[in-house]
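Chain by chain, the residues run as shown.
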Amino acid sequence: AAGSSVTPPRPVDSSAADPSRVDAAVRAALQQAVDVAGAAFAPNESQQEAVAWALGRRLSLIRGPPGTGKTRTAALLVLAALRLPSPHAAAGGGEAGGEASSPSPPPRARVLAVTHSNSAADVLL
């Protein structure tokens, strides 16, 4: 129909209950990743914003012209994603069984990273 508009779907965010907490966790994970990367990769403000934005989504795409740091930004994204707190950590695990035993490590995040070439995958890892 002429003149009708379609609203695009919004990203699914399971932690939308407290956006400030999510934002703080994302920023903390990003800062830890930047600290770990050290001199190997010092992201500019735009790259840091792209990583922070992507960490708040279930799916993201990094694209741009050659030489803009896409692969290194993606590597920083993976590093930061692995430093995010697990959504299962707040579920209160470790209370089953009655006796206090050594706490089990928190579940690790899972990240799927796809590249267009083997050389890009090498840099990413």
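Residues numbered from 1 in each chain as written. Predicted model: local features only at pLDDT ≥ 70, side-chain atom pairs only at ≥ 80, totals over all residues. Heavy atoms only, no water.

Peer 1: Residues and numbers for the packing of helix 2 (residues 45–55) against helix 3 (residues 70–81), please.
Peer 2: Contact geometry of helix 2 with helix 3 gives a least axis separation of 10 Å together with a crossing angle of 45 degrees. Considering their axes alone, helix 2 and helix 3 lie oblique with respect to each other. For the crossing formed where helix 2 meets helix 3, the hand is right-handed. Between helix 2 and helix 3, the residues in contact are Gln-47, Val-51, Ala-54 and Leu-55 and Thr-73, Leu-76, Leu-77, Ala-80 and Ala-81, respectively. Split by residue class, the contact of helix 2 with helix 3 holds 7 nonpolar, 2 polar and no charged. (Axes fitted to C-alpha atoms, helices over the stretch in contact; angles between N-to-C directions. Helix = DSSP H or I, 4+ residues; strand = E, 2+ residues; numbered from the N terminus. Parallel < 35°, antiparallel > 145°, perpendicular 65-115°, else oblique. Left-handed = near helix turned anticlockwise from the far one by under 90°. Contact = heavy atoms within 4.5 Å. Nonpolar A, V, L, I, M, F, W, Y, C, P; charged D, E, K, R; others polar.)

Peer 1: Please set out the confidence of the model for the protein chain residue by residue, giving values where relevant.
Peer 2: When the pLDDT values of the protein chain are averaged, the result is 74; 65% of them are 70 or greater. Within the model, pLDDT remains below 50 along residues 6–17, and this stretch shows 3 contacts once partners closer than five positions in the same chain are excluded. Note that residues 93–98 has pLDDT below 50 and, in this model, 0 contacts with residues that lie over four places away or in other chains. (pLDDT = per-residue confidence, 0-100.)

Peer 1: Lay out the side chain of Gln-47 with the relevant residues and their values.
Peer 2: In this fold, Gln-47 is placed in helix 2. A distance of 3.1 Å separates the side chain of Gln-47 from the backbone oxygen of Thr-68, its partner in a polar contact. What Gln-47 contacts, discounting residues up to four positions off in sequence, is Phe-41, Thr-68, Gly-69 and Thr-73. (Polar contact = N/O pair within 3.5 Å; in protein donor to acceptor, adjacent residues only side chain to side chain.)

Peer 1: Describe the nonpolar core, and please don't skip the residues or the numbers.
Peer 2: Leu-30, Val-51, Leu-55, Leu-76, Leu-77 and Ala-80 are the most contacted members of the largest nonpolar core, which totals 14 residues. Counting only elements with at least two residues in this core, the list comes to helix 1 (19–37), helix 2 and helix 3. The element that contributes the greatest number of residues to this core is helix 1, accounting for 5 residues. Discounting residues that sit within four places of it in the chain, Leu-55 has contacts with Val-26, Leu-77, Ala-80, Ala-81 and Leu-84. (Core = buried A, V, L, I, M, F, W, Y, C linked by side-chain atoms within 4.5 Å. Buried < 20%, exposed > 50% of the residue type's maximum accessible area, 1.4 Å probe, protein only.)

Peer 1: Got a sec to walk through helix 2? Specific residues and values, please.
Peer 2: Taken residue by residue, helix 2 has Gln-47, Val-51, Ala-52, Ala-54 and Leu-55 as its buried positions. One side of helix 2 holds all its buried residues, which, seen down the axis, span an arc of 165 degrees. For helix 2, the exposed residues set more than 90 degrees away from the buried face come down to Glu-45 and Ser-46. You can read the cap of helix 2 off the contacts: a side-chain oxygen lies 3.1 Å from the backbone nitrogen of Ser-46, and it is on Asn-44. (Arc of directions from axis to C-beta.)

Peer 1: Go over the pattern of salt bridges, please, and point to the residues and values.
Peer 2: Evaluation of the coordinates by the stated rule reveals 1 salt bridge. Here Asp-23 makes a salt bridge to Arg-27, at a shortest N to O gap of 3.9 Å. Within this pair, Asp-23 and its partner Arg-27 are both found in helix 1, separated by 4 residues, close to a single helical turn. Residue classification places Asp-23 among the partly exposed positions, given a relative accessible area of 42%. (Salt bridge = Lys/Arg side-chain N within 4 Å of Asp/Glu carboxyl O.)

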